[in-house]
Structure formats: C-alpha cells, structure tokens
Amino acid sequence: MSAPAVAAPRHAGAVATALHLAPLFARRRDSDRLATLLPVASFMVVTALLELVAGGAQAFFRWDDDLAATYQTLAVIALVLLLVPLGTVGASAARLAARRRDERLASLRLLGATTGTVTALTVLEAAATALVGALAGTVLYGATAPLLGLLHFRGEALGGQVWLPWGWLPLVVLGVTLLAAVSALAGLRAVVVTPLGVRTRQRAGTAHWVRALVAAGVLAVGLLAVQSLSLFGQMGGVVAIVGVLAGVFGAVLLAVDAIGPWVLRLRARRRARTARTVPRLLAARMTLEDPKAAWRQVSGVAMTSFVGVFGAVGLAMASYTDTADMPADERWLMHDISTGVLVTVAGSFLMVACSVGINQAATTLDRAAVHVSLDRLGVPRTVMAEATRRAVMSALWLVSGGSALCAVVLLLPLVGMAIFMQPVAVVTAAAVFAVGFGLVRGAAALSTRLVPGILARPERVL
Amino acid sequence: MTSLLSARGLTMHYPGSTSPALDSVDLDIVPGTSVAVMGASGSGKTTLLHCLAGILRPTTGSVMLQAGSGPVDVAAMDDAARARLRREELGFVFQQGLLLGELTALENVAVARMLAGVPRAQAEAEAQQWLAHLGLTGLEQRRLGELSGGQAQRVAIARAQVTGARLIFADEPTGALDSATSVEVLDLLLAAVATGRTLVVVTHDADVARRCGRTVVLRDGHVVSDTAAPAATAATGTETAR
Ligand SMILES: Nc1ncnc2c1ncn2[C@@H]1O[C@H](COP(=O)(O)OP(=O)(O)OP(=O)(O)O)[C@@H](O)[C@H]1O
Ligand SMILES: [Mg+2]
C-alpha cells in the first residue's frame, strides 16, 4: 500500500493518491469502531445544538411589533452567549477527530506517503466524519426542536417558529464540514513535521501572578463603573449604560479567563501536596499537567455564571418594581427575560457537558495504554474514574464560583437586596446551577464506560 | 522445597485464533529463584507470564500460588480478586508504561502503598527509601517524563518491591534499554532475588537469561526446554557485562 504513496509530490497527484488510499484507510478503521463513532457523534451533537440555538434565536425575528426589537436584541445576546461554549464543543469534536488519526498518519508518513497525500487524506477524513455527523445532527435537531418549541414567550408556545428556514440546514451542514476540514488542516502541521508522530507534550502554560494583579485592577475599575452607572446615564442615556455594562461584562470575563488557569494551577499544586488518597493526588497532578486545557474545557460556564447572577439580580429587582400599571406586553417582557436567562444558562451547561463528555472520551482513548497498565498492576478501575471526575469538577467549581463571585462583587449591594426581596428567583437560579453541575459530572463519568472496552482488548493499545 | 507458584495444564486460546497461544504448560517456580522465559516472538512468553500473574485467565488449567493468606488458584479467581492479588502480592516490571506520567518518581512508588491504605506520609517515606536503595536519590521529585528509560525502570523496580511483593514478573524489562543500562537494571532485579524474592523474567536477551538461575524456552505454546544455569552466575547478581 505504500507503493502508490511514494510518488506524486504534485498537488493533484496527492489528492488522487489520497482518494486511492482512502478506502484502505477507511477499512482499517472498522476495527476501531468506537474511535470512529465518537467524533461522528460529537459532530452530530455540535450540529444539533447549533441548529437549535439558531432556530430558537431566529424565532424572535419573525415578530414585528413594538417590542420585537427588544426581544431580538436579547435573542442576539443569548445567541452570542451560547455560541462561545458551542465553539468549545466544536473544538473538542475537532480535537477528538484529529487525535487517533495522528498515529495512523504518522505511520503512513513513515511508509513514504508524501506530505500532500497525508494532508489530503486527513482533510478528507475529517470532512467525511463531520459531514456524516452533521447530517445525523440535523436529524437530531428535527427530533428535539419540538421540545424547544414548548418554551413559552408572551404566554404562547414558540411552537413551529423554532424551525430554521429549510434552506439554512444545508448551509449549516456545509459550514460544520468545512470548519472540521479547516481545523484538521490546521492541526496537522505537527504530524507532518515530525514523521514519527511523537506528540511532544506541551509544557504547561506558565500563567503569571502579574495577570492576577491586572485582573484585580479590571474588577476594581468595573466596580467603579457599575457604581457610577447613573452618571453615565446622565451623560449618554440608556445607550451609555448598556455600553458601559457590556464593556465591564466583557472585561471582567476576559480577566477571569486570564487568571483562571493560574489560580487552577496554584490550587492543584497545593492539592497535590496535601492529597491523602490516590484519586485526589492523581486529579491534582492531571490538572497540573496542563492547567490551561483543564480550564478551557469548562470555561464556557464562566459566562453562564456571570449571566446567571446578573439575570437573577436583574429579575429580582424588576419583579420588585410595581408592575400593576405596566402595559401587559412589558410585564410579559420581564417574565420572558427570566425564561430567556434560564434557557441560556441551561443551554450553556448542556454545551459544557457535551464538551466535557467529548474531551474526556478523547482523553480516555488517548490514555488507553495507561488504563491497561493500571489494570495490570491491579489498581481498581474506580481510581482513575474518580481522579478524572475530580479534576473536571474542581475546575468547574473554580470557573463558576470565580465568575459568579466577580459578578456578585460588581453587583454587591443589589445582590443583598435580591436575596431578601426575591428568594424564589435566587433559589431557582441556584437550582439551575445544581442541575448543570450534575449534568457536567455525568458527562465526565460517561467516558469511564469506555474503559471496559479498552481493557477487553489490551493488545490494541500496547 | 514447595513451589511458590505451580501451573498445571495451562492452555490459552485467544478468541478468534486457530491455534492455542499456550498448550498444556506445566511449570513450578521455587521461592527465591530467578527464572528466564525465552522463545521466538509469538511463542507465548507474554501469554504465559500474564496467566501466571493473574492478568489473563487461562482457558483451562490451574495456577496455584502460595499467597500470604495461603494457597490460592489464581486461574479460578474472579477479576476483582485477581486485581487485588496483583496489587498486593505481586510486583511488575514491563518494558514500559506501568508508571503514571503525571506523577513524580516518588509518588509513582508511594501510590502502590497508598492503594493498600498506608497514609501518604508513611508511603512516601517508604518510597523514598526504595528510591535511594535503587540509586535514584535526588530524582524523587522528577516527573516520569523527565527521567531516562533506565531511571524509569528503576522506579518501576522500586514500585514492584515497595509493597513487599515476594514474586516479581518482568516482561522484557531491558527491551528498550542500551546494553550498559540493561546490565544495571538486571543487577537490581537479581539483587531483589538475593534478598529472597522470586523473579520471572521474559527476555529475548541471552545475556539476561544466562544470569538467571533457570531458563525455560517456549515454542508455539509448549515448553521445549527447561534448564538450570550455572549457579555461580545465577545467584549472586553481581556479575557485570560479558
Ligand atoms: N490478545 C490476543 N488476541 C489474539 N491473539 C493473541 C493475543 N495476544 C497474543 N496473541 C497470539 O498468541 C501468540 C503468543 O503471543 P505472545 O504475546 O504470548 O508471544 P510472545 O512470546 O510474548 O512474543 P513477543 O516476543 O513478540 O512478545 C501469538 O501468536 C500472538 O499472535
Ligand atoms: Mg511478549
């Protein structure tokens, strides 16, 4: 099979060779069904989520009354908030698809396949995987969109409004496929450069304490800005207030994101020193290995927590104001914003759960040899499972706790009032968070289901 | 002397393969000795080692082990019991990959004791002693990826002994090492034998086998020869390269 691969340095030739080799490549993968199915499943989830989010958001653009613009603005905000964690899911899916491919490509390369052939094969494979996943995802969207349609706004179910115009669906499928191909191309360089395909472990990012200072500064400035909102209001009206809030919002989120990995690393280092059990020690060490990746995996929740706190407080304030003399549609708006906040928070937890599930599956497959080794040494299977779960959950607590804390600091006086005036709203928000945490935890645990399969066929990984 | 390990009629049929990887193998291993298992690639060495160590359950046959709690048939135990046995009573040194890359050298060894319920401080103290004993003083805090192949094998040897395991299984422990380092690693394994432990080592290396007390040769899943090596080179473990 190496024979045709050696020649053909020209691009067209490379593509031809790749097409020639593709069936061989595809057949070899049959034995590796799980590793093939997982990326397809993740692209499926990504596509379905994307279509659901887009479908939900565009539903509001079918309205054209007085308050339509307000709803549409809010829908766009929610859309942006959801696109961020969705991007993480997409990146995880792409990474998973690329992972297992590395070794096989490296061996192809050793057999003498040209860079062009390897590149073409990779891109083809990624695109094919994504295409199948995206098509399946569209079916999944078809099955789940009616659930989204159950959401009530202005007292009416969204119903059929959540269906994307049919013409969009092929565009989404195409877009997902293209993105997967491009990210495969981008991720390929390392393999092509080192034919041996040895993934050199990246040194853990060295987040610096200076960042903590900067972040504290940002938070202080933000606090000041929020306290003087009325001043901005006098100067520039509502637009200025919204602008300042959005700016503070973004800056604080960036700051949280900048110091998160650093704090995570500090904490993991302390935990590694003091851990009393093997799973705790391992969890801390796994986090230390790459704090940035550990953070990135769950960082989508930062924005969620922020929005959750802002939303809960805002709603508490709003519902305190006397709504009796408000026009009916404005009362609906208040009510609908609370629905929207909850849906957004729930949606981003769902996405973080997906990205954690995909990442953990990839990591488990990646570390198959470690699982086999530990099993041979007689280490109970629960040890590794507990360690992974702990590593994910401790990062999640830090992300959501940290950003919720920042939001609370920004809104300090208001939060106190909200808890007194609207305990129900606060409890609802807390409940949504609890469910979200449970979801992520479940996703982290899911990957341990792969372990028995790995242990049953140890010769594949060693 | 009674055998530490006694295999009878060991047969291993991997699902989907036509001929057995092991075919009615009988083997007795006396405590305090070193046994080399040799044979061509695919002759069943690793399969035999895994059956003896309770990693694989043979299709038929028995493996009686004089465990701390009395004699047990490893081949008849369930997965959990075999895992426990491996964890608590057996030591392993394989070609590579039995250690955790994220952990330091010290932690890798200490973990074996922590899993047995020993408090971390004590586990690390014991691990520290073993590392020092194996010449790794000063490298305790290195992560595994920062050690050379030979150093990593020493850590594995420390891990295999820290639990007090009396029986150590090694599958090509020197397979990935240069010849000088191989000699050092084998010295350490044979030093363990000199303190009363028992070693079963699978190897392709005739030099390694020559230094063991006994050599078992496999071909197509059968034992085709079983010979004692000259005692002088076998027992002391102090001989250096050729
Ligand atoms: N998991 C498995 N499934 C099916 N067949 C297997 C499996 N593992 C080993 N075999 C087969 O059993 C036979 C013995 O394999 P084993 O790994 O024990 O050989 P070995 O002597 O250790 O070889 P090497 O020196 O190459 O390590 C071989 O024919 C091998 O192909
Ligand atoms: Mg072998």
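If you're wondering where the values come from, they're calculated on a predicted model, not measured in any experiment.

Attention shifts here to the overall build of chain A. Each helix and strand counted, chain A has 17 helices and two strands in total. Looking at chain A residue by residue over its 462 residues, the buried ones come to 47%. For chain A, contacts bridging at least 24 residues in sequence account for 84% of all contacts bridging at least 6.

A common way to express how large an interface is: the accessible area buried when the components associate. Every contact between the two is made by 21 residues of chain B and, on the other side, 25 residues of chain A. Between chain B and chain A, roughly 2,100 Å² of surface is buried when both sides are summed, and carbon and sulfur atoms account for 58% of that area. The largest per-residue losses of area from chain B upon contact with chain A belong to Leu-100, Glu-102 and Arg-120 of chain B, which jointly make up 28% of the total buried on that side. Inspection of the region where chain B meets chain A yields four salt bridges. Put simply, Arg-143 of chain B and Glu-289 of chain A hold a salt bridge, and the shortest N to O gap is 2.2 Å.

Once that is clear, we can look at the site of ligand 1. Every one of the 13 residues lining ligand 1 counts as a neighbour, but Ser-41, Gly-42, Lys-45, Thr-46 and Thr-47 of chain B are closest to it. Site remark: ligand 1 is flanked by residues from chains A and B. A distance of 3.1 Å separates an oxygen atom of ligand 1 from a polar atom in the backbone of Gly-44 of chain B. In the environment of ligand 1, an oxygen atom lies 2.5 Å from a nitrogen or oxygen atom belonging to the side chain of Thr-47 of chain B.

Take unusual backbone geometry next. All names here are of chain B. Phi at Glu-172 takes a positive value of approximately 45 degrees, unusual for a residue other than glycine. For Glu-172, a relative accessible area of 19% puts it in the buried group. Even without a glycine there, the phi angle at Asp-220 is positive, about 45 degrees.

Let's shift gears to a positive patch on the surface. Residue and element names in this part refer to chain A. Together, Arg-269, Arg-270, Arg-271, Arg-273 and Arg-280 line one region of the surface with positive charge. In terms of residue count, the dominant contributor to the positive patch is helix H8 (residues 229-274) (four residues). Within the fold, Arg-273 resides in helix H8.

Attention now moves to the pattern of salt bridges. One pass over the structure, following the stated rule, counts 17 salt bridges over all chains. Put simply, Asp-375 of chain A and Arg-86 of chain B hold a salt bridge, and the shortest N to O gap is 3.9 Å. Of this pair, Asp-375 of chain A sits in helix H13 (residues 368-376) while Arg-86 of chain B sits in helix H2 (residues 79-89), on two different chains. Relative accessible area serves as the criterion here: at 4%, Arg-86 of chain B is assigned to the buried category. Between Arg-113 of chain B and Glu-126 of chain B there is a salt bridge, and its shortest N-O distance comes to 2.7 Å. Of this pair, Arg-113 of chain B sits in helix H3 (residues 105-114) while Glu-126 of chain B sits in helix H4 (residues 120-133), placing them 13 residues apart in sequence.

Residues and elements named next belong to chain A. Under the domain assignment, chain A is made up of domain 1 (13-202) and domain 2 (258-462). Contacts between domain 1 and domain 2 engage 34 residues on the former and 31 residues on the latter. Between domain 1 and domain 2, roughly 2,800 Å² of surface is buried when both sides are summed, and carbon and sulfur atoms account for 72% of that area. The tally of links from domain 1 across to domain 2 stands at zero salt bridges. Summed over the shared surface of domain 1 and domain 2, the number is two residue pairs in polar contact (both at pLDDT 80 or more).

It is worth spelling out the packing of aromatic side chains at this point. Following the criterion strictly, the structure yields eleven aromatic pairs over all chains and no others. With a centroid separation of 4.5 Å and an interplanar angle of 55 degrees, the aromatic rings of Trp-397 of chain A and Phe-437 of chain A are classed as tilted. Of the two residues, Trp-397 of chain A sits in helix H14 (residues 381-410) while Phe-437 of chain A sits in helix H16 (residues 423-446), which places them 40 residues apart along the sequence. Residue Trp-397 of chain A is classed as exposed on the basis of its relative accessible area, which comes to 55%. Summarising the aromatic geometry, the rings of Phe-92 of chain B and Phe-94 of chain B are spaced 5.7 Å apart at their centres and angled 70 degrees between planes, so their arrangement reads as edge-to-face. Comparing Phe-92 of chain B with Phe-94 of chain B, the two get one shared label, buried. Through successive ring pairs, a cluster of aromatic residues spans Phe-60, Trp-63, Tyr-71 and Phe-153 of chain A.

Next up on the list: the sheet that holds strand S6 (residues 90-94) of chain B. Residue and element names in this part refer to chain B. Pairing is mixed across the open sheet formed by six strands, whose spatial order is S6-S7-S8-S3-S9-S10. Pairing within the sheet leaves two strands with one partner each, and these edge strands are S6 and strand S10 (222-228). Ignoring which end each strand starts from, the neighbouring axes of this sheet average 15 degrees apart. Both strand S3 (residues 34-39) and strand S9 (residues 214-219) contribute to a ladder of five bridges, which runs parallel. Note on S9: the bridge partner recorded for Val-35 is Arg-214.

Once that is clear, we can look at the sheet that holds strand S5 (residues 70-73) of chain B. All names here are of chain B. With antiparallel pairing, four strands are arranged side by side in an open sheet as S2-S1-S4-S5. Both outer strands of the open sheet, strand S2 (22-29) and S5, are each paired with one neighbouring strand and no more. For this sheet the average axis-to-axis angle between neighbouring strands, irrespective of direction, equals 15 degrees. The pairing of strand S4 (residues 60-67) with S5 spans four bridges and is antiparallel. Paired with Ala-67 across the two strands is Gly-70, which belongs to S5.

Conventions adopted
Residues numbered from 1 in each chain as written. Chains lettered and ligands numbered in written order. Predicted model: local features only at pLDDT ≥ 70, side-chain atom pairs only at ≥ 80, totals over all residues. Heavy atoms only, no water. Helix = DSSP H or I, 4+ residues; strand = E, 2+ residues; numbered from the N terminus. Buried < 20%, exposed > 50% of the residue type's maximum accessible area, 1.4 Å probe, protein only. Contact = heavy atoms within 4.5 Å. Buried area = accessible area lost by both parts, 1.4 Å probe. Salt bridge = Lys/Arg side-chain N within 4 Å of Asp/Glu carboxyl O. Near = heavy atom within 4 Å. Polar contact = N/O pair within 3.5 Å; in protein donor to acceptor, adjacent residues only side chain to side chain. Patch = residues over 30% accessible without salt bridge, like charges linked within 9 Å, V, L, I, M, F, W, Y side chains within 5 Å. Areas by Shrake-Rupley, 256 points an atom, 1.4 Å probe, with all protein chains shown as cover. Lys, Arg positive; Asp, Glu negative; His and termini not counted. Charge placed at Lys NZ, Arg CZ, Asp CG, Glu CD. Domains from an automatic or database assignment. Phe/Tyr/Trp six-rings, centres within 6.5 Å; stacked < 30°, edge-to-face > 60°. Pairing = 2+ DSSP bridges. Axes fitted to C-alpha atoms, helices over the stretch in contact; angles between N-to-C directions.

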